[in-house]
Amino acid sequence: MKKYVKRILWVLAGLLFIPITYLAIYFPPAMSGMTAKMTCSCVYVMGRSVESVREKELQVFPGLSMAGIQIGSDSSITARILWSNGKAIYRKGLGCTLLAERSEEEVRNQKLVLPNAPAVDQDTIAWPQGNLLQTDSPHVNDSVINNILDSAFINDPEKPLNTLGIVVVYNGQIIGEQYAEGFSSKSKLMGWSMGKSITSALVGVLVREGKLNVIEFAPVPEWQNDDRKNIRIENLLQATSGLNWEEGYFNPRAQFHSMFTYSDDKGRYAASQKLKNPPGTVFQYSSGTTNILSKIVRQTVGDTAYYKLLYEKLFHKIGMMSALIEPDASGTFVGSSYAYATARDWARFGLLYLNDGYWIDGRILPEGWVEYSTTPSSAAPRGEYGAQWWLNAGEKNNVANRIYPNLPVDAFWAAGFEEQYVMVIPSKNLVIVRLGISHNGFPFEKMVASIIRALPD
């Protein structure tokens, strides 16, 4: 009997040894790199302390908050986990970039020239172009809205919501706005994958200018001699490229981490993946395909125009003066994930889409682009995805089978890791922005439904 017990114990030990060894080899490089990059952006872009990052962002994974973090005199952050170091550098106006393949000197010497923001005082200009708000909200019960927002900031010790900011825009005006202690309407906040929707908007700008056509094959040089040449720009927008991809945030060997940790050129890495399915047939959410789009935008307009395009043709046009997207070490904007803006600026982006791509006195996006972006891909089983926007359209023959059954079917939203949202509901003339660091989830549907019920009939 003892012999059998020993054998069982040895088998169990072997089974434990394999995953522990796997994590010991692959976990430290991926997590030290992401820790360095995330901390760098929080400190230098958002203006926060390392301690606050440990208390919030780094609680997402057990042991991550114990990382050794060093602030460099050269505006950098180095993070150490076990045997692995990761380093991210800050460059003024550009944000933070994780070093992987290139030397720090090479990256710091890059000439990425961004346009200056217009010399305007937004605090003297009416919303939405500026920050002067109406003093009251006619026909809206402010106290009810405020109570709803109050509940979104409750931090139960067991399950803290960690909401940082919320903005509610109804009929074009802000009717509710609230921030966590230490944050304000001037605070730049992470959007994570909400950057995907911004990248889609950039593609829309080039479509309007006649420089891109979504039904054309994606102009990726590496694909011209194999079946990947049949991938269209539309397939990249709708996450139906067919490329092999795992968006595994907690798998250190997933393509997601290989791209973000080990590659200086995110778009090139994503484009190097093999074809797994015929283009247009399978929906696979992918940060990789978004970064291919960002690289296509760059090669389409050239570097001089590329660094101006995002700001002069989009951000500055609609008053998003705080917004930035960080570049990778090759100089291409990481359009999938590294976007930052104040909550009000995120709300401006939502308003642009609520208004069909039109802003005050001019069209930013081509006519019909919002409709195109919010039309479900035929490969999305629940009608849940369009052109880099999440949708509430529902299953084709069963609309009740949708992501948020208690919200209108015309709702669409940009979404990011840790429960970031810019939701647009055209039938209610409503835009809701929610930003936070929510490891335990956030009752977004419940909050939005409560806000809708509080609006005039």
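Here the structure is shown first, and the text comes after it.
In what follows, the accompanying structure is described.

Cut-off values and rules
- Residues numbered from 1 in each chain as written.
- Predicted model: local features only at pLDDT ≥ 70, side-chain atom pairs only at ≥ 80, totals over all residues.
- Heavy atoms only, no water.
- Buried < 20%, exposed > 50% of the residue type's maximum accessible area, 1.4 Å probe, protein only.
- Helix = DSSP H or I, 4+ residues; strand = E, 2+ residues; numbered from the N terminus.
- Pairing = 2+ DSSP bridges.
- Expected span 1.5 Å × (residues − 1).
- Salt bridge = Lys/Arg side-chain N within 4 Å of Asp/Glu carboxyl O.
- Contact = heavy atoms within 4.5 Å.
- Axes fitted to C-alpha atoms, helices over the stretch in contact; angles between N-to-C directions.
- Disulfide = S-S within 2.5 Å.

## Some points on the pairing of strand 15 (residues 430-436)
Stage number 1. Burial analysis of strand 15 places seven of its seven residues in the buried class, the great majority of the element.
Stage number 2. Neither face of strand 15 is open: one carries Leu-430, Ile-432, Arg-434 and Gly-436, the other Val-431, Val-433 and Leu-435, and all of them are buried.
Stage number 3. Relative to strand 15, strand 5 (residues 163-170) runs antiparallel, the two sharing seven bridges. Opposite Ile-166, over in strand 15, you have Arg-434 as the bridge partner.
Stage number 4. In this sheet, strand 15 lies alongside strand 14 (residues 420-425) in antiparallel orientation, the contact comprising five bridges. Along strand 15, the bridge assignment pairs Ile-425 with Leu-430.

## Examining helix 11 (residues 343-354)
Stage number 1. Between its first and last C-alpha atoms helix 11 spans 16 Å; for 12 residues at 1.5 Å apiece the expected length is 16 Å, and the two agree.
Stage number 2. For helix 11, the buried fraction is high: 12 of the 12 residues fall into the buried class.
Stage number 3. Three or more residues of helix 11 are buried, namely Ala-343, Arg-344, Asp-345, Trp-346, Ala-347, Arg-348, Phe-349, Gly-350, Leu-351, Leu-352, Tyr-353 and Leu-354.
Stage number 4. Phi turns positive, to about 60 degrees, at Asp-356, one or two residues after helix 11.

## Here's the deal with the pattern of salt bridges
Stage number 1. The tally for this structure, following the rule as stated, stands at 17 salt bridges.
Stage number 2. Between Arg-344 and Glu-177 there is a salt bridge, and its shortest N-O distance comes to 2.8 Å. Here Glu-177 lies in strand 6 (residues 173-179) and Arg-344 lies in helix 11, a separation of 167 residues in the sequence.
Stage number 3. Arg-344 gets classed as buried once you look at its relative accessible area, which sits at 9%.
Stage number 4. Each of Asp-74, Lys-87, Glu-104 and Arg-108 takes part in salt bridges that share partners, so that together they form one network.

## Topic: the pairing of strand 4 (residues 95-98)
Stage number 1. Looking at chain direction, strand 3 (residues 84-91) and strand 4 are connected through four bridges and run antiparallel. Each bridged residue has a counterpart across the sheet, and for Tyr-90 the counterpart in strand 4 is Cys-96.
Stage number 2. Where strand 3 hands over to strand 4, the hairpin turn is made up of three residues, of which Gly-93 adopts a positive phi near 85 degrees.

## A few points about the sheet that holds strand 7 (residues 189-190)
Sheet strands associate in pairs through backbone hydrogen bonding, adopting either a parallel or an antiparallel arrangement.
Stage number 1. With respect to topology, three strands assemble into an open sheet ordered 7-9-8, the strand pairing being antiparallel. Of all strands in the sheet, those with a lone pairing partner are strand 7 and strand 8 (324-325), marking the two edges.
Stage number 2. With two bridges connecting them, strand 7 and strand 9 (residues 339-341) associate as antiparallel partners. From the neighbouring strand, Met-190 faces strand 9, where its bridge partner is Tyr-340.
Stage number 3. Helix 11 contacts strand 7 and strand 9 of the sheet and is inclined by roughly 110 degrees relative to strand 9.

## Brief notes about the sheet that holds strand 4
Stage number 1. Here four strands make up an open sheet; going across it, the order is 1-2-3-4 and the pairing antiparallel. The two strands at the open ends of the sheet, each matched to only one other strand, are strand 1 (68-72) and strand 4. On average, adjacent strands in this sheet sit at an angle of 20 degrees to one another, irrespective of strand direction.
Stage number 2. The pairing of strand 1 with strand 2 (residues 76-81) spans five bridges and is antiparallel.

## Let's talk about the state of the cysteines
Stage number 1. Counted under the stated rule, the structure contains one disulfide.
Stage number 2. Disulfide pairing is shown between Cys-40 and Cys-96; the S-S distance is 2.2 Å. Its S-S torsion of about -75 degrees marks the bond between Cys-40 and Cys-96 as left-handed, since a negative value means left-handed. With Cys-40 in helix 1 (residues 2-45) and Cys-96 in strand 4, the pair connects residues that are 56 residues apart, well separated along the chain. Grouping residues by exposure puts Cys-40 and Cys-96 together as buried.
Stage number 3. This cysteine, Cys-42, is not joined by any disulfide, and Cys-96 carries the nearest cysteine sulfur, 9.0 Å off.

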